[in-house]
Amino acid sequence: MDKLALGGLLLALLAVTGGFMLEGGAVDTLLHLPAFIIVFGGTLGAVMLQTPFNQFQLGFRLLPWVFQSSRLPVKRTIGRIVDWGSAARANGFLSLEDAALQESDPFLHRGLNLLVDGADAAQLQATLDAELSLERERLLRGARIFEAMGGYSPTIGIIGAVLGLIQAMANISDPKLLGAGIATAFVATIYGVGFANLVFIPIGNKLKNLIQQQSLYHELIIEGLVSIAQGQNPKAIEPKLQSYLPG
């Protein structure tokens with residue numbers, strides 16, 4: 001569990017509602033189902049309209065990443081790559097066959113298989129670079145769904161506000177219905193701006209950061225495996241890979 005992400009979300013919500021309460025407001029006035037349906041439903045519908053199904057599905061599959069621990073086994077992988085380099089120099093690339101069969105990380109698995117199959121350094125780098133680039137772009141398309149929701153949400157909030165005012169003006173002679181329409185107008189605006197800036201845009205940016213971290217980790221793997229393919233001394237490989245360690 002990523003405590004920083006969860007704490008940030010809770011702090012943002014508490015700051016808004018707490019400040020509102022300090023001004024004398026009641027939290028239950030912010031809970032308005034019609035406004036929520038207009039803003040959230042309208043935003044989701046607009047994104048569904050612009051997004052292919054696979055990309056839309058991927059975006060919501062990535063959502064749990066926001067609250068999961070983002071630590072990657074960088075140090076452990078460096079140690080493993082150095083060990084594989086020593087084994088390859090001593091016994092040849094076929095000595096890595098068992099490691100390739102047992103490897104659970106798909107990217108490492110494919111890289112080790114290429115080494116075992118006799119791919120040279122240039123072919124190995126080109127293959128893994130292409131796979132890295134395509135995977136990164138695929139994941140970023142999923143993350144962009146939340147950026148799009150952050151863009152649409154404030155505008156849908158304004159639509160909700162206008163609808164609320166129309167309802168208020170249509171019932172201007174009835175104070176009860178007039179108040180309900182005005183409430184929808186203001187709460188819809190809050191929902192639109194709030195969802196965008198407290199939820200959707202931060203989620204999109206968090207996912208992009210996590211994808212960048214994963215891409216950097218895969219670049220480390222490429223660098224290490226290509227160095228093994230070139231027959232470099234493991235003692236020279238290790239300090240080069242350590243530059244990828246997070247600060």
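Residues numbered from 1 in each chain as written. Predicted model: local features only at pLDDT ≥ 70, side-chain atom pairs only at ≥ 80, totals over all residues. Heavy atoms only, no water.

A.B. asks: Can you walk me through the side chain of E103 in this structure?
C.D. replies: With respect to the element layout, E103 can be found in the loop between α5 (97-102) and α6 (106-116). A polar contact of 2.3 Å, which involves the side chain of E103, links it to the side chain of R80. With residues up to four places along the chain from it excluded, the contact list for E103 reads R80, W84, L108, H109 and L112. (Helix = DSSP H or I, 4+ residues; strand = E, 2+ residues; numbered from the N terminus. Polar contact = N/O pair within 3.5 Å; in protein donor to acceptor, adjacent residues only side chain to side chain. Contact = heavy atoms within 4.5 Å.)

A.B. asks: Explain the nonpolar core here, please?
C.D. replies: As a rule of thumb, nonpolar side chains are buried together in soluble globular proteins. Formed by 30 residues in total, the largest nonpolar core has its most connected members in W84, L115, L124, L220, L225 and I228. When contributions to this core are tallied by element, the ones reaching two or more residues are α4 (74-91), α6, α7 (121-170), α8 (175-229) and α9 (234-242). In terms of residue count, α8 provides more of this core than any other element does, 8 residues in total. Setting aside residues up to four positions removed in sequence, L225 forms contacts with W84, G111, L112, L115, L124 and L128. Among the nonpolar cores identified, the runner-up in size contains 23 residues, and F56, L139, F146 and A188 belong to it. (Core = buried A, V, L, I, M, F, W, Y, C linked by side-chain atoms within 4.5 Å. Buried < 20%, exposed > 50% of the residue type's maximum accessible area, 1.4 Å probe, protein only.)

A.B. asks: Sorry if this is basic, but what is going on with helix α2 (residues 33-50) here?
C.D. replies: Working note: α-helix, 3.6 residues per turn, so residues spaced by three or four point in the same direction. Between its first and last C-alpha atoms α2 spans 25 Å; for 18 residues at 1.5 Å apiece the expected length is 26 Å, and the two agree. A35, V39, T43 and V47 are the residues of α2 that are buried. With its buried residues spanning 70° around the axis, α2 presents them on a single face. In α2, the exposed positions that point more than 90 degrees away from the buried face belong to L33 and L49. (Expected span 1.5 Å × (residues − 1). Arc of directions from axis to C-beta.)

A.B. asks: Looking at this structure, I do not really get the packing of aromatic side chains. What am I missing?
C.D. replies: Each aromatic ring pair is summarised here by two numbers: the centre-to-centre distance and the angle between the ring planes. In the structure shown here, the tally under the stated rule is 9 aromatic pairs. Both rings, one in F36 and one in F195, keep their centres 5.9 Å apart while their planes meet at 70°; by these two values the pair is edge-to-face. Of the two residues, F36 sits in helix α2 while F195 sits in helix α8, which places them 159 residues apart along the sequence. The partly exposed category is assigned to F36, whose relative accessible area is 36%. (Phe/Tyr/Trp six-rings, centres within 6.5 Å; stacked < 30°, edge-to-face > 60°.)

A.B. asks: Honestly, helix α3 (residues 53-62) in this entry has me stumped. Any pointers?
C.D. replies: Residues Q55, F56, L58, G59 and L62 constitute the buried set of α3. Projected onto a plane normal to the axis of α3, the buried residues spread over an arc of 160° and lie on a single side. Structural note: α3 exposes F53 and N54 on the side pointing more than 90 degrees away from its buried face.

A.B. asks: Even after reading the chapter, I still don't get the packing of α2 against α7, so can you show me in this structure?
C.D. replies: When two helices pack together, their arrangement is given by the angle between the helix axes and the distance between those axes. Relative to each other, α2 and α7 sit at 135°, their axes nearing to 8 Å. What the angle tells us is that α2 and α7 run oblique. Viewed along their axes, α2 and α7 form a crossing whose handedness is right-handed. Between α2 and α7, the residues in contact are I38, V39, G42, T43, L44, A46, V47 and Q50 and I145, A148, M149, Y152, S153, I156, G157, G160 and L163, respectively. Looking at the contact of α2 with α7 residue by residue, the class counts come to 11 nonpolar, 6 polar and no charged. (Axes fitted to C-alpha atoms, helices over the stretch in contact; angles between N-to-C directions. Parallel < 35°, antiparallel > 145°, perpendicular 65-115°, else oblique. Left-handed = near helix turned anticlockwise from the far one by under 90°. Nonpolar A, V, L, I, M, F, W, Y, C, P; charged D, E, K, R; others polar.)

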